[in-house]
Amino acid sequence: ATNKPASTSAKKRVYFTHLPIHMLPTSIREGKSKVIYVARNPKDMAVSYYHFHRSARFLGRQTSLAWNDFFTFFCTGIICCGSWFEHVLTYWKFTQNNPNAVFVKYEDMKRDLVEEMKALENFIGVPLNEEQRKKVIDHCSFDSMKKVSKFMRKVSAKLRSGDNTDLIQGVVGDYKNYFTVAQNEQFDELYKEKMAGSGLDFEFE
């Protein structure tokens, strides 16, 4: 989604994307735009993405897709948008060498959204007063996004098959309702291998 700029307008434009970094415009990769990259721990991300694959129309609403099968796909990166590790680590490296890019963890926002908001305000150069910040935080909360607007209901109707049991909870640690003990141990080994030497780590609870 973007705001179409007028020829004389100095308004900031905002783009949302899931593209891997190598598919971004050269100007962005050269640090000429501010980039906010938000990542979630891979175990909860796997569960969220599992439900997305089962319900998204453009992925064929794979309602018969079993969790055990998806777990294998996720570990090998054979899914839409590819490997979580490759996607996240390339952006992590990008943010470490680019003052116009910042790496934000979902778990940090869940723990203290106000402080994360203040940091992002400083990063983009748009300070908010307390009232403005509260409105943004309320609007961006998980509960708020699940509720009210007609737009979200229309999007939900297009994405989902109508089975509300597939709605995710947005909590940290929900993966424990899906991962078996063996899967958790297997993924811990994979995580240790892939993340080694990166300087990046995630909270899982």
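Residues numbered from 1 in each chain as written. Predicted model: local features only at pLDDT ≥ 70, side-chain atom pairs only at ≥ 80, totals over all residues. Heavy atoms only, no water.

Residues at a pLDDT of 70 or more form 81% of the protein chain, whose mean pLDDT is 85. Mean pLDDT values for the elements of the protein chain range from 55 in helix H9 (residues 150-159) up to 98 in helix H10 (residues 181-195). Confidence drops under a pLDDT of 50 for residues 1-9, and excluding neighbours within four residues, the segment shows eight contacts in the predicted structure. Low confidence marks residues 161-167, where pLDDT is under 50. Its contacts with residues over four positions away, or in another chain, come to five contacts. (pLDDT = per-residue confidence, 0-100. Helix = DSSP H or I, 4+ residues; strand = E, 2+ residues; numbered from the N terminus. Contact = heavy atoms within 4.5 Å.)

Let us look at helix H4 (residues 84-96). For H4, with 13 residues, the first-to-last C-alpha span of 18 Å sits near the 18 Å given by 1.5 Å per residue. For H4, the set of buried residues is Trp-84, Phe-85, His-87, Val-88, Leu-89, Tyr-91, Trp-92, Phe-94 and Thr-95. Tucked inside the fold, the buried residues of H4 contact helix H1 (26-29), strand S1 (35-39), helix H2 (42-55), helix H3 (67-76), strand S2 (101-105) and H10. Sitting at the head of H4, Ser-83 places a side-chain oxygen 3.2 Å from the backbone nitrogen of Phe-85. (Expected span 1.5 Å × (residues − 1). Buried < 20%, exposed > 50% of the residue type's maximum accessible area, 1.4 Å probe, protein only. Polar contact = N/O pair within 3.5 Å; in protein donor to acceptor, adjacent residues only side chain to side chain.)

This brings us to the side chain of Thr-95. When you line up the elements, Thr-95 lands in helix H4. At 2.8 Å, the side chain of Thr-95 and the backbone oxygen of Trp-92 are in polar contact. Each residue touching Thr-95, except ones within four places of it in the same chain, is listed here: Ala-101, Val-102 and Phe-103.

Our next topic: the packing of aromatic side chains. Going through the model one piece at a time under the given rule, you end up with 23 aromatic pairs. Measuring from ring centre to ring centre gives 5.3 Å for Trp-67 and Phe-179, while their planes differ by 50 degrees; the resulting arrangement is tilted. Here Trp-67, found in helix H3, pairs with Phe-179, found in the loop between H9 and H10; they are 112 residues apart in sequence, far enough to count as distant. A residue is classified by how much of its surface remains accessible, and Trp-67, at 9% relative accessible area, is buried. Centroid distance Phe-179 to Phe-187: 6.0 Å. Interplanar angle 85 degrees. Geometry classified as edge-to-face. Using a relative accessible area of 8% as the deciding quantity, one classes Phe-179 as buried. Note on Phe-187: relative accessible area 1%, which makes it buried. Here Lys-43 stacks its cationic end above the ring of Phe-204, 4.9 Å away from the centre of that ring. Seen from the ring of Phe-202, Lys-105 lies directly overhead, with NZ or CZ sitting 5.4 Å from the centre. (Phe/Tyr/Trp six-rings, centres within 6.5 Å; stacked < 30°, edge-to-face > 60°. Lys NZ or Arg CZ within 6 Å of the ring centre and 35° of its normal.)

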